[in-house]
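Structure assessment
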Amino acid sequence: MTSSTTPSGAHSPAADPDADPAVGPAVGPGAERPVLPGNGPVLILAAMDEEASPLVERMLSPRRVDLPLSAPAHAWAGTLGGLHAVVATSGIGISAATAAATWGILTQRPRLVISAGSAGGLASGIGVGSLVIGESFTYSIADATAFGYAPGQVPGGPERFRTDPRLVDLAARAAEEAASAHGVRRGLMLSGDAFVTAEIAAPMRERFPGALSADMESTAIAQTCSSLGVPFLAMRAISDLCGPEADEQFHLELDVVAETSARAVCRLLEDVAAG
């Protein structure tokens, strides 16, 4: 597509962004808890083995699951928090996350998909170790604003991918109980195939003033879940504050924040299992 060509189906973004479709189960009026469909496992996706390890270590009777994706993608199945679960590493980035999520949804038929692991902190006041729960998701470097779309919106798609608020509430309560030492935040999460340096972070904050975090997978998983009709949730801990020393901080804090994310995810599964 050239810069002078309008993409097919281009339109202005909806005036009410809350009208975008939720990435979650349908919930009847007055329902206090989300009803997760089916009896399938909970699929938990992490980009790296270091992020998946605290989850696999908590599994009862873990076993390897074959998947037709090249390394570093791996998967394990077992019992986690009282529920049948599949934990998979996707590899880093939008394409890797989309491939792993598509494989997991089509072969495992999960009742819920969770994006776990680490993220970079964007919002003012957010600290390393904080647990972020995604309410909405968009792409950090997608830009079709010349055709009337919102920043981050892919032509033909919603302005934001959203998680059912009741599922967010349930996750927030679990996170407060299991991983509240550094605080729990909920809101907009960004994803893109670029590591967020200080040069990238400053304009990103201007384009998305409400964004809490940035990673390289969650929005892609949210979009895949939305397309395939599966509830989605992201529970990621902040490993670095997006800035000049982000790379060093990321390596120093990864094991700690992976544990924080894992504790919150496991507590959520325990709450779901308890009904």
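Scroll up a little and you will see the structure.
Right, let's walk through the structure included here. This one's a predicted model, so the numbers in the text were calculated from it and none came from an experiment.

Reading the values: rules and limits
Residues numbered from 1 in each chain as written. Predicted model: local features only at pLDDT ≥ 70, side-chain atom pairs only at ≥ 80, totals over all residues. Heavy atoms only, no water. Phe/Tyr/Trp six-rings, centres within 6.5 Å; stacked < 30°, edge-to-face > 60°. Helix = DSSP H or I, 4+ residues; strand = E, 2+ residues; numbered from the N terminus. Buried < 20%, exposed > 50% of the residue type's maximum accessible area, 1.4 Å probe, protein only. Pairing = 2+ DSSP bridges. Salt bridge = Lys/Arg side-chain N within 4 Å of Asp/Glu carboxyl O.

Describing the packing of aromatic side chains
Aromatic ring pairs are reported here in terms of the distance separating the ring centres and the angle at which the planes meet. Scanning all chains against the criterion turns up one aromatic pair. Between Phe137 and Phe232, the ring centres sit 5.1 Å apart and the planes meet at 65 degrees, which makes this aromatic pair edge-to-face. With Phe137 in strand β7 (residues 131–139) and Phe232 in strand β11 (residues 232–241), this residue pair connects regions lying 95 residues apart in the sequence. By relative accessible area, which is 0% here, Phe137 ends up buried. Judged by relative accessible area, Phe232 falls into the buried class, the value being 0%.

Some thoughts on the pairing of strand β4 (residues 74–80)
Along β4, five of the seven residues are buried, which leaves the element largely enclosed by surrounding structure. Pairing of strand β3 (residues 60–64) with β4 involves three bridges; the strand directions are antiparallel. Bridge pairing in β4 places Leu60 opposite Thr79.

Notes on the pattern of salt bridges
Tallying each qualifying case throughout the model produces eight salt bridges. Between Glu217 and Arg236 there is a salt bridge, with its nearest N and O atoms 3.1 Å apart. Of this pair, Glu217 sits in the loop between β10 (211–215) and α5 (218–228) while Arg236 sits in strand β11, and the two are 19 residues apart along the sequence. Taking the relative accessible area as the measure of exposure, Glu217 reaches 4% and is therefore buried. Several salt bridges converge on common partners, so that one network encompasses Glu177, Arg267, Glu270 and Asp271.

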